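Given next are the chains, with one letter for each unit.
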Amino acid sequence: TAALGLAEAADLAGCSRDTIRRAAQKGELKAEMGPGVRGPQWWIQESDLREWLENRDSDAEHSSAAQQSYAEHSSSAQHSYAEHSTAPRQAQHSS
């Protein structure tokens, strides 16, 4: 199975990177800390993300939206540890 970084896992799950990170830190989402482009980062197996989504909560509306988002994007999630990189986020400044 493909290893996903935080950004990709969040995109597939339809939630924020912070949500994925917190779930990994709490042990709710099985993830491993491994080498990333800018140092250590969380890596999540696609199958573990799918399992976490199924068990996340009993809110049917939230679950179905996340599952639909996952289904729409899962075919494009074919990245390995070496292939994965994330673009830096640009700070937004208000004028």
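Overview of the structure.

Procedures and definitions
- Residues numbered from 1 in each chain as written.
- Predicted model: local features only at pLDDT ≥ 70, side-chain atom pairs only at ≥ 80, totals over all residues.
- Heavy atoms only, no water.
- Core = buried A, V, L, I, M, F, W, Y, C linked by side-chain atoms within 4.5 Å.
- Buried < 20%, exposed > 50% of the residue type's maximum accessible area, 1.4 Å probe, protein only.
- Helix = DSSP H or I, 4+ residues; strand = E, 2+ residues; numbered from the N terminus.
- Contact = heavy atoms within 4.5 Å.
- Arc of directions from axis to C-beta.

This part is about the nonpolar core. General note: in soluble globular proteins, nonpolar side chains tend to be found buried as a group. Ala9, Ala13, Ile20, Leu29, Ile44, Leu49 and Trp52 are the most contacted members of the largest nonpolar core, which has 16 residues in total. Sorting the residues of this core by element identifies α1 (6–13), α2 (17–26), β3 (39–45) and α3 (46–55) as the ones contributing at least two each. If one sorts the elements of this core by residue count, α1 sits on top with five residues. The contact partners of Leu29, leaving out residues within four places of it in the chain, are Ile20, Ala23, Ala24, Ile44, Asp48, Leu49 and Trp52.

Moving on, we come to α3. Every α-helix winds through 3.6 residues per turn, so residues three or four apart in the chain are directed the same way. Turning to α3, its buried residues are Glu46, Asp48, Leu49, Trp52 and Leu53. Burial along α3 is one-sided: seen end-on, the buried residues are contained in an arc of 160°. Counted as exposed and oriented over 90 degrees from the buried face of α3: Glu54 and Asn55.

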